[in-house]
Amino acid sequence: MRRRLIASTLAVVLVVIGVFGLSLVLVETHAIESTARDGVESEAVRLTGIVENRILAGESIDAKGLDRQIADDRYAVVRVPGHPEVLLGDRPKGAVLTSTQRGDHGESVTVEESRSTVSQEIGRTLLVILAVALLAVLAAVGLAVLQARRLTSPLTDLAETAERLGSGDPRPRHRRYGVPELDRIADVLDASAERIGRMLTAERRLAADASHQLRTPLTALSMRLEEIVATDDHETVKEEATIALGQVERLTDVVQRLLTNSRDPRSGSAVDFELDEVIRQQVEEWRPAYQGEGRSMVLSGARGLRAVGTPGAVAQVLATLIENALMHGAGRVTLHTRVTGNQAVVEVSDDGPGVPPDLGTRVFERSVSGRNSTGLGLAVARDLAEADGGRLELLQHRPPVFALFLAQEIAPEPPYGEAAG
């Protein structure tokens with residue numbers, strides 16, 4: 001491309017120089033010849049006047065008195081009736097420019113100048129024009145090289161940026177080159193890099209969230225399947241298979257929810273559902289794990305609550321809170337339901353040491369954990385809650401109390417107390 005730019009610029013300059021240079025040569029040649037003719041004619045007129053004045057004054061007409069009146073490169077012949085011809089200067093050879101003037105007393109003066117003098121003047125003018133044209137060509141080449149470098153260097157840089165994007169490096173470079181068209185391309189590449197970066201971040205986040213959110217349900221499902229394999233009781237197999245199918249459906253819902261949130265966190269699929277049923281499912285799933293640790297789960301508060309949200313997402317939020325209580329808490333875990341305003345609230349608490357004061361509400365940030373964990377669980381849980389218009393909050397540090405707020409539709413029935421496990 002650089003060669004093409006230089007060649008095209010040079011071609012334009014040569015065409016301009018050719019057109020205007022030829023015109024200038026023609027004009028200057030004509031001007032030099034006209035000037036030479038006018039000079040010869042003026043010389044003849046001047047000599048004629050001198051001769052006429054001498055005739056009127058009665059002076060002699062000879063070369064001795066007139067040889068100083070003519071230029072060195074010219075030749076003159078003076079003819080006066082009754083007098084011999086007077087020759088002034090050296091007669092030129094070859095082609096000449098000539099002019100003859102006659103006076104009132106019959107005298108005549110002929111002045112000649114060699115055309116070689118005119119040709120030499122034209123040659124010197126042509127050399128000057130050629131020198132100027134050569135300088136113009138050199139200047140044009142220099143400017144073309146600079147312009148080509150100015151255009152090709154940004155293009156090379158943009159190509160490297162595109163190559164970086166293709167190789168998986170989405171960092172925008174934010175470089176501008178002072179050329180509107182190239183700056184527009186740079187803007188588009190930077191915007192594309194930012195979009196690719198967001199997409200890669202979303203994909204990594206989806207992979208991390210999926211691995212974290214699916215780990216516990218898959219473990220529980222594996223336990224159910226192991227119980228089915230280990231028993232010969234048909235009723236037990238049927239019961240465990242039914243529970244396993246329910247877990248598979250919730251896993252499917254979790255995967256769909258994670259995919260939906262990765263595309264648009266605001267795209268909720270909230271419905272009116274029975275909150276008691278979701279809580280009961282979670283208690284059934286987590287009862288074996290708590291019994292294995294010698295701990296219990298207690299349900300308290302209002303019953304018959306209905307809430308607006310995605311059952312699978314609510315189940316995942318509760319599963320995260322119950323799992324955190326199992327891993328980081330101690331003693332009894334309480335799931336308390338209540339109503340505040342037009343919201344249904346599910347509180348999960350335990351008798352453990354709670355959340356360290358230095359963490360506070362930062363426990364909902366990604367990669368923030370008080371123990372050796374990924375720090376993703378509460379962050380994902382809050383995203384799931386907010387996607388349906390709810391919210392997840394830490395109400396109390398010690399003992400820890402986490403609360404899930406959901407929009408509530410139907411007035412609750414009288415409170416109840418029930419111990420599970």
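Right above here is the structure, for reference.
A brief structural summary. (Residues numbered from 1 in each chain as written. Predicted model: local features only at pLDDT ≥ 70, side-chain atom pairs only at ≥ 80, totals over all residues. Heavy atoms only, no water.)

**Thoughts on the packing of aromatic side chains**
Working step 1: Summed over the entire model, instances satisfying the criterion amount to one aromatic pair.
Working step 2: On the numbers, 6.1 Å between centres and 85 degrees between planes, the contact of phenylalanine 364 with phenylalanine 402 is edge-to-face. Of this pair, phenylalanine 364 sits in the loop between β9 (343–350) and α8 (377–387) while phenylalanine 402 is found in strand β11 (residues 401–408), placing the two residues 38 residues apart along the sequence.
Working step 3: Under the relative-accessibility criterion, phenylalanine 402 is labelled buried at 11%. (Phe/Tyr/Trp six-rings, centres within 6.5 Å; stacked < 30°, edge-to-face > 60°. Helix = DSSP H or I, 4+ residues; strand = E, 2+ residues; numbered from the N terminus. Buried < 20%, exposed > 50% of the residue type's maximum accessible area, 1.4 Å probe, protein only.)

**Some thoughts on the environment of glycine 390**
Working step 1: Relative to the assigned elements, glycine 390 resides in the loop between α8 and β10 (391–396).
Working step 2: Since its relative accessible area comes to 10%, glycine 390 is described here as buried.
Working step 3: For the pair glycine 390 and alanine 344, spaced 46 residues apart in sequence, the C-alpha to C-alpha distance is 9.7 Å.
Working step 4: Aside from chain neighbours lying at most four places away, what touches glycine 390 is Ala385 and Phe405. (Contact = heavy atoms within 4.5 Å.)

**Describing the pairing of β11**
Two faces, one strand: in a regular strand the side chains alternate between the faces of the sheet.
Working step 1: In terms of burial, β11 is largely enclosed, as seven of its eight residues are buried.
Working step 2: Two strands pair when backbone bridges link them, and strand β7 (residues 306–309) and β11 are joined in this way by two bridges, in the antiparallel orientation. Considered in β11, the bridge of valine 308 is made with alanine 407.
Working step 3: Pairing geometry for β9 and β11, over seven bridges, is antiparallel. Bridging across to β11, valine 345 finds its partner in phenylalanine 405.
Working step 4: Note: β10 against β11, five bridges, orientation antiparallel. Looking at the pairing, arginine 391 lines up with phenylalanine 405 of β11.
Working step 5: Connecting the antiparallel pair β10 and β11 is a turn made up of four residues. (Pairing = 2+ DSSP bridges.)

**Remarks on helix α3 (residues 115–166)**
Working step 1: For α3, which comprises 52 residues, the first-to-last C-alpha distance of 74 Å matches the rise-based estimate of 76 Å (1.5 Å per residue) to within 8%.
Working step 2: Positioned one or two residues after α3, glycine 168 has a phi angle of 95 degrees, which is positive. (Expected span 1.5 Å × (residues − 1).)

**Here's the deal with the packing of helix α6 (residues 275–292) against helix α7 (residues 311–328)**
When two helices pack together, their arrangement is given by the angle between the helix axes and the distance between those axes.
Working step 1: Two elements in contact, α6 and α7, have axes whose closest approach is 10 Å; the angle formed by their N-to-C orientations is 35 degrees. The crossing of α6 and α7 is right-handed. Counted together, Leu275, Val278, Ile279, Gln282, Trp286, Ala289 and Tyr290 of α6 and Pro311, Val314, Ala315, Leu318, Ala319, Ile322, Glu323, Ala325 and Leu326 of α7 form the full contact between these two elements.
Working step 2: Its residues assigned to classes, the contact of α6 with α7 shows 14 nonpolar, one polar and one charged. (Axes fitted to C-alpha atoms, helices over the stretch in contact; angles between N-to-C directions. Left-handed = near helix turned anticlockwise from the far one by under 90°. Nonpolar A, V, L, I, M, F, W, Y, C, P; charged D, E, K, R; others polar.)

**Considering α7**
Working step 1: End to end, α7 covers 25 Å across 18 residues, agreeing with the expected 26 Å (1.5 Å per residue, within 8%).
Working step 2: Most of α7 sits out of view: 14 of its 18 residues are buried.

**Concerning the packing of α7 against α8**
Working step 1: For the pair α7 and α8, interaxial distance at closest approach is 9 Å and the crossing angle is 155 degrees. Put simply, α7 runs roughly antiparallel to α8. Handedness of the crossing formed by α7 with α8: left-handed. On the side of α7, the interface is formed by Ala313, Gln316, Val317, Thr320, Leu321 and Asn324, while α8 contributes Gly377, Leu378, Ala381, Leu384 and Ala385.
Working step 2: Along the lines of polarity and charge, the residues of the contact of α7 with α8 split into seven nonpolar, four polar and no charged. (Parallel < 35°, antiparallel > 145°, perpendicular 65-115°, else oblique.)

**Concerning the environment of valine 179**
Working step 1: Among the structural elements, valine 179 can be located in the loop between α3 and α4 (180–230).
Working step 2: For valine 179, a relative accessible area of 12% puts it in the buried group.
Working step 3: Apart from residues no more than four positions distant in its own chain, valine 179 is found in contact with Arg150 and Leu151.

**Examining the pattern of salt bridges**
Close approach of charged atoms allows side chains with opposite charge to pair.
Working step 1: The tally for this structure, following the rule as stated, stands at 16 salt bridges.
Working step 2: Between arginine 46 and glutamate 43 there is a salt bridge whose closest N-O contact spans 3.0 Å. Placement of both arginine 46 and glutamate 43 in helix α1 (residues 2–57) is noted, with a separation of three residues, approximately one turn of the helix.
Working step 3: Salt-bridge contacts for glutamate 85 lead to arginine 79; the nearest nitrogen and oxygen are separated by 2.7 Å.
Working step 4: Within the structure, one salt-bridge network assembled from shared partners comprises Glu43, Arg46, Arg74 and Glu113. (Salt bridge = Lys/Arg side-chain N within 4 Å of Asp/Glu carboxyl O.)

**Some remarks on a negative patch on the surface**
Working step 1: On the surface, a cluster of negative charge is contributed by Asp232, Asp233, Glu235 and Glu239.
Working step 2: As for its placement among the helices and strands, glutamate 239 is situated in helix α5 (residues 234–263). (Patch = residues over 30% accessible without salt bridge, like charges linked within 9 Å, V, L, I, M, F, W, Y side chains within 5 Å. Areas by Shrake-Rupley, 256 points an atom, 1.4 Å probe, with all protein chains shown as cover. Lys, Arg positive; Asp, Glu negative; His and termini not counted. Charge placed at Lys NZ, Arg CZ, Asp CG, Glu CD.)

**Quick word on the sheet that holds strand β4 (residues 108–114)**
Working step 1: Judged by pairing direction, the sheet is antiparallel, and its four strands sit side by side in the order β2-β1-β4-β3 without closing on themselves. Strands with a single pairing partner mark the edges of an open sheet, and in this sheet they are β2 (86–88) and β3 (96–102). Averaged over all pairs of adjacent strands, the angle between strand axes in this sheet comes to 15 degrees, irrespective of strand direction.
Working step 2: Direction of pairing for strand β1 (residues 74–79) relative to β2: antiparallel, over a ladder of three bridges. The partner of valine 77 across the bridge, within β2, is leucine 87.
Working step 3: Contacting β3 and β4, α3 crosses the sheet at an angle of about 45 degrees to β4.

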